[in-house]
Amino acid sequence: MTVARVAALLLALIVLPFVATPYALHVAIVVLFNVTYTAALYAVLRMGYLSLGHAGFIALGAYTCVILSVRLGVSPWLGIPAGGLVAGLFAWGLGALTLRLRGIYFALAIFAFGEIVTAFFRAFDWFGGPAGIPGVPRPAFLGTPLASHFAFYWPVLVVAVLGIAILYRLQYTRFGAALLTLKTAESERLAESVGIPAARYKTANFVVSCVITGTMGTLHAQYLLFVNPQVFGSTMSTDLLIYAMVGGLAGFWGPILGAGLLTALGEQLFSVGYWKTLVYAAILMVVIMVLPGGLADLPRRLRAHFGAPR
Amino acid sequence: MNPVLEVRGVSKRFGGLAALSEVSFEVARGELLALVGPNGAGKSTLFNTIAGVAPPTAGRILLEGTDVTGKSSHALARLGVARTFQLVTLFRELTVLENVVQGLHRHTRLAVLDGLLGLPRYREDTRRLAERAEGVLALLGIAAHRHERADALPLGIAKLLTVAIALATEPRLLLLDEPAAGLSHDEATRMMDLVAGEVRKRCTVVLVEHNMRIVGNYCDRAVVLQFGRKIYDGAAAGLVHDPAVVDAYLGVAEMDG
C-alpha cells in the first residue's frame, strides 16, 4: 500500500467515531478485533503452518487480563500487555514443540491446544468454570472508565494499527522474508543450508503472531465485560481461517479484507443466531469453488475476464 | 596454511550399520576434489556429516583448522560451508532472483528494526542484495530466467540455480552433490565448465560424481569410498588405473562414461 492510501485509511479510522452511530461503532470495534486476529493468523499461514487453534491465544490473553483485574485487583491497563506476554510465553513453548510437525499434524496439535485452553478454564471455578467471569472492568482514562463505544474505540484502534503495522512491515525484514523459505521440510533443509536458522525463526514468528493475538484478546474481554470458555473456542478459530481464506491467502491484505467484510456481515446476522455460522460456511464453499484466490483476487479475475481490448 | 577442510577419522553408524568407517582426507584451498563411489558407498552420508545435517558418530571435522564437528547446518553455512542436494532442491514458489536473494541471507543487513521502520538503510540494502543476486545469476548465465518461478524451470536451469543459491552465500567450501546427474551431455558440459571455471575461482569445491569422464576431465584429485571406507585418495587422472577402484566399479556402466 502506498503512503497516501495508508494515510487516508488512518484518517478515516480516526474520523469514524465522531460521525458513526453507536451501533456502527460497535461493528467497527468488532471488525478491528477480527481483522487483527486474522492478520496475526496470516503471519503463521504465510510460513506454511495451519493454526487451527489460534483462538486459544485470544483466550489466554483475555483470561490473563480478567483474572488479574477481577481476582487480583490489578489495573486493567496492566492486564493488556500481561495478556500478550502470557500468550507469547505459551506460543514460545508450544511453537518449539510443535513447529517441527508439518501439515495436518501441526494443525491438529494446535487444535488440541485450543481445546485444552478452554477446557482448563471451564474446569476450575476460580477461572470462572463453564459460566465464565462477569464484571470485567474496563481501563480508566483520567479517572473515568472507558465505558462508551466512543471511548473504548481508541485503545482498540491503537492495538489494531500497531499490531497490523508490525505484522506488515515484518514481512520486509530479513527475518520475515526468510519465513517464505520454510513452507516444506525440503525447502527448510535448503534454507538451513544457506544459514537461515529455521526452527528459531518459526518459533519467533509464531510468538509475534500470538503476542498480538493475546494482546487484542485482553481488549476483547474488556469490551464484552465478561469471558467464558465458549466465546474463544474452536468456532472462533475456524472463523478466523474462514476470514483469511475468503479474503485470499496470496497477500497481506486479503485476510484483512475477508475479516472486515465477513465480520461486518456477521454482526448483521447476529440477531438470528446460528445463521452466522451457516452463512460463513456457505460463503467459504462458494469462494473456494469459484474464486480460489479469494476476494482479493477478484479485481484481477475481472480484468482478465472483461479485459480492456488492445 | 591449514587445509580448507580436514576430515579426521570420521565414522557414522546408523544402528548396527556402519555407513562411514574412519574416513580421513584433506582438501587444500582452491582444490576441486571429487568424491567417488558406487551407490551406498557413503558419499551422501559424508556430505551430510560435513554440512552439519547428521553429526558423525566418531571423528572430527575441521574447517580451516577450526573444529566444527557437530555444528548445525545453519551455523556451518554462516561459517562458509555451502552445499547443493542430490535431489534438486529450490524455494519452489519463489522466482529465480528471489531464490538467490534468499541465498544471500547471511549477508543481509536488514535488521528487524530497519525493516519495521522502513528506514533508508533498508531500501539501500534491498537494492544491494538484488544487485548481488543479479551478479550471481549473470555468472552462471541464467539471468534471463530471473523472473520465472523456480518450480517451472527445466532441469538444466534448475540445477544451475541450486549452484547459484549456494554460491550466493559466498562460501569458503562448496559441496556439490552430483551437479551433472540427470543432465544431457551438453548441459553437463556447461555445468562442469562453470564449476571448474567461475565457481572454482571463488571457493574450494568438493563434488560427488559417478561419471568418470567428468572426474577425469575436471577434477584435480579424487577420494573413492566403498562400503564406507576410503579405498583411494590421489590424482583424479590415475583413478581408472587403480586396481582397487576398478574392482569396486567392476561391471558398473558409468565407468565408461
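For the structure itself, consult the block above.
Residues numbered from 1 in each chain as written. Chains lettered and ligands numbered in written order. Predicted model: local features only at pLDDT ≥ 70, side-chain atom pairs only at ≥ 80, totals over all residues. Heavy atoms only, no water.

1. Considering the overall build of chain B
On a plain count of helices and strands, chain B comes out with nine helices and ten strands. For chain B, whose C-alpha radius of gyration is 19 Å, the value lies close to the compact-globule estimate of 18 Å for 257 residues. Each principal axis of the C-alpha distribution contributes one length, and for chain B these read about 65 × 40 × 35 Å. Put simply, 67% of the contacts in chain B that link residues at least 6 apart link residues at least 24 apart. Within chain B, one finds 29 positive and 29 negative side-chain charges whose respective centroids are separated by 7 Å. (Helix = DSSP H or I, 4+ residues; strand = E, 2+ residues; numbered from the N terminus. Rg over C-alpha atoms; globule rule 2.2 N^0.38 Å. Contact = heavy atoms within 4.5 Å. Lys, Arg positive; Asp, Glu negative; His and termini not counted. Charge placed at Lys NZ, Arg CZ, Asp CG, Glu CD.)

2. Quick look at the sheet that holds strand E10 (residues 229–235) of chain B
Residues and elements named next belong to chain B. Across the sheet, six strands lie side by side as E6-E7-E8-E3-E9-E10; this open sheet has mixed pairing. If you trace the sheet from one side to the other, it starts and ends with strand E6 (81–83) and E10, each paired once. Across the sheet, the mean angle separating the axes of adjacent strands is 15° when strand polarity is ignored. Bridge count between strand E7 (residues 173–177) and strand E8 (residues 204–208): five bridges; the pairing is parallel. Looking at the pairing, leucine 173 lines up with threonine 204 of E8. Helix-sheet contacts for helix H7 (residues 185–202) involve strand E3 (32–36), E7 and E8, and the interaxial angle to E8 is about 160°. (Pairing = 2+ DSSP bridges. Axes fitted to C-alpha atoms, helices over the stretch in contact; angles between N-to-C directions.)

3. Here we look at the packing of aromatic side chains
Summed over the entire model, instances satisfying the criterion amount to 25 aromatic pairs over all chains. Taking the centre distance of 4.9 Å and the plane angle of 85° together, the rings of Phe252(A) and Trp253(A) count as edge-to-face. Pairwise contacts between aromatic rings join Tyr49(A), Phe57(A), Phe90(A), Phe106(A), Phe113(A) and Phe206(A) into one cluster. Over the face of the ring belonging to Phe85(B) we find Arg83(B), whose NZ or CZ atom lies 4.2 Å from the ring centre. (Phe/Tyr/Trp six-rings, centres within 6.5 Å; stacked < 30°, edge-to-face > 60°. Lys NZ or Arg CZ within 6 Å of the ring centre and 35° of its normal.)

4. Brief notes about the packing of helix H6 (residues 149–170) of chain A against helix H9 (residues 198–224) of chain A
All names here are of chain A. Closest axis-to-axis distance for the H6/H9 pair is 11 Å, and the angle between their directions is 170°. When the axis of H6 is compared with that of H9, the two are roughly antiparallel. Contacts between H6 and H9 involve His149, Phe152, Pro155, Val156, Val159, Ala160, Gly163, Ile166, Leu167 and Leu170 on the former and, on the latter, Val208, Ile212, Thr215, Met216, Leu219, Gln222 and Tyr223. When grouped by side-chain class, the residues that make up the contact of H6 with H9 number 13 nonpolar, four polar and no charged. (Parallel < 35°, antiparallel > 145°, perpendicular 65-115°, else oblique. Nonpolar A, V, L, I, M, F, W, Y, C, P; charged D, E, K, R; others polar.)

5. A few points about the pairing of strand E1 (residues 5–14) of chain B
Consecutive residues of a regular strand have side chains that alternate between opposite faces of the sheet. Residue and element names in this part refer to chain B. In terms of strand pairing, E1 meets strand E2 (residues 17–27) through seven bridges, oriented antiparallel. Bridge pairing in E2 links valine 10 to valine 23. Following E1, the chain reverses through two residues before pairing antiparallel with E2; glycine 15 in that reversal takes a positive phi of roughly 60°. Here E1 runs beside strand E4 (residues 58–63); their pairing, made up of five bridges, is antiparallel. Among the inter-strand pairings, arginine 8 is bridged to a residue of E4, identified as arginine 60.

6. Things to note about helix H10 (residues 234–247) of chain A
Residues and elements named next belong to chain A. With 14 residues, H10 ought to run about 20 Å at 1.5 Å a step, and its terminal C-alpha atoms sit 20 Å apart, in line with that. Among the 14 residues of H10, ten are classified as buried, and the element is accordingly described as predominantly covered. As for H10, its buried residues are in contact with helix H2 (22–45), helix H3 (55–71), H9, helix H11 (253–268) and helix H12 (275–290). A positive phi of about 115° marks glycine 248, the residue just after H10. (Expected span 1.5 Å × (residues − 1). Buried < 20%, exposed > 50% of the residue type's maximum accessible area, 1.4 Å probe, protein only.)

7. Examining the environment of Leu99(A)
All names here are of chain A. Among the structural elements, leucine 99 can be located in the loop between helix H4 (76–98) and helix H5 (103–123). With relative accessibility at 3%, the residue leucine 99 sits in the buried group. Once residues lying within four places of it in the same chain are set aside, the contact partners of leucine 99 are Met47, Tyr49, Leu94, Phe106, Lys202, Thr203 and Phe206.

8. Notes on the interface of chain B and chain A
Reports often express the size of an interface as the amount of accessible area lost when the parts come together. Taken together, the contact pairs 28 residues of chain B with 25 residues of chain A. Summed over both sides, the interface of chain B with chain A buries roughly 2,300 Å², with 63% coming from carbon and sulfur. Between Lys183(A) and Glu93(B) there is a salt bridge, with the nearest N and O atoms lying 2.8 Å from each other. Secondary structure elements with two or more residues in the side of chain B that touches chain A: helix H2 (73–78), E6, helix H3 (96–103) and helix H4 (112–117) of chain B. Across the side of chain B that touches chain A, the residue classes tally to 13 nonpolar, ten polar and five charged. (Buried area = accessible area lost by both parts, 1.4 Å probe. Salt bridge = Lys/Arg side-chain N within 4 Å of Asp/Glu carboxyl O.)

9. What about the packing of H3(A) against H10(A)?
Residues and elements named next belong to chain A. Between H3 and H10, the least distance of the axes is 8 Å, while the angle of their chain directions is 125°. Classified by the interaxial angle, the pair formed by H3 and H10 is oblique. Mapping the contact onto sequence places Ala55, Gly56 and Ile58 in H3 and Met236, Ser237 and Leu240 in H10. For the contact of H3 with H10, the class distribution of residues is four nonpolar, two polar and no charged.

10. Comments concerning the side chain of Glu188(A)
Summarising the element assignment, Glu188(A) is placed in helix H8 (residues 185–193). Ignoring sequence-local partners within four residues, the contact set of Glu188(A) consists of Tyr49(A), Arg102(A), Thr181(A), Leu182(A), Ala198(A) and Lys202(A).

11. Observations regarding a nonpolar patch on the surface
There is a patch of nonpolar side chains on the surface, built from Met245(A), Leu249(A), Met285(A), Val286(A), Ile288(A), Met289(A) and Val290(A) and spanning about 670 Å² of accessible area. Mapping Met285(A) onto the fold places it in helix H12. (Patch = residues over 30% accessible without salt bridge, like charges linked within 9 Å, V, L, I, M, F, W, Y side chains within 5 Å. Areas by Shrake-Rupley, 256 points an atom, 1.4 Å probe, with all protein chains shown as cover.)

12. Some details on the sheet that holds strand E5 (residues 66–67) of chain B
Residue and element names in this part refer to chain B. Taken in spatial order, the four strands of this open sheet run E2-E1-E4-E5, and their pairing is antiparallel. Edge positions in the sheet fall to E2 and E5, since each has one partner strand and no second. With two bridges connecting them, E4 and E5 associate as antiparallel partners. In the strand pairing of E5, leucine 63 is matched with threonine 66.

These figures capture arrangement, not role.
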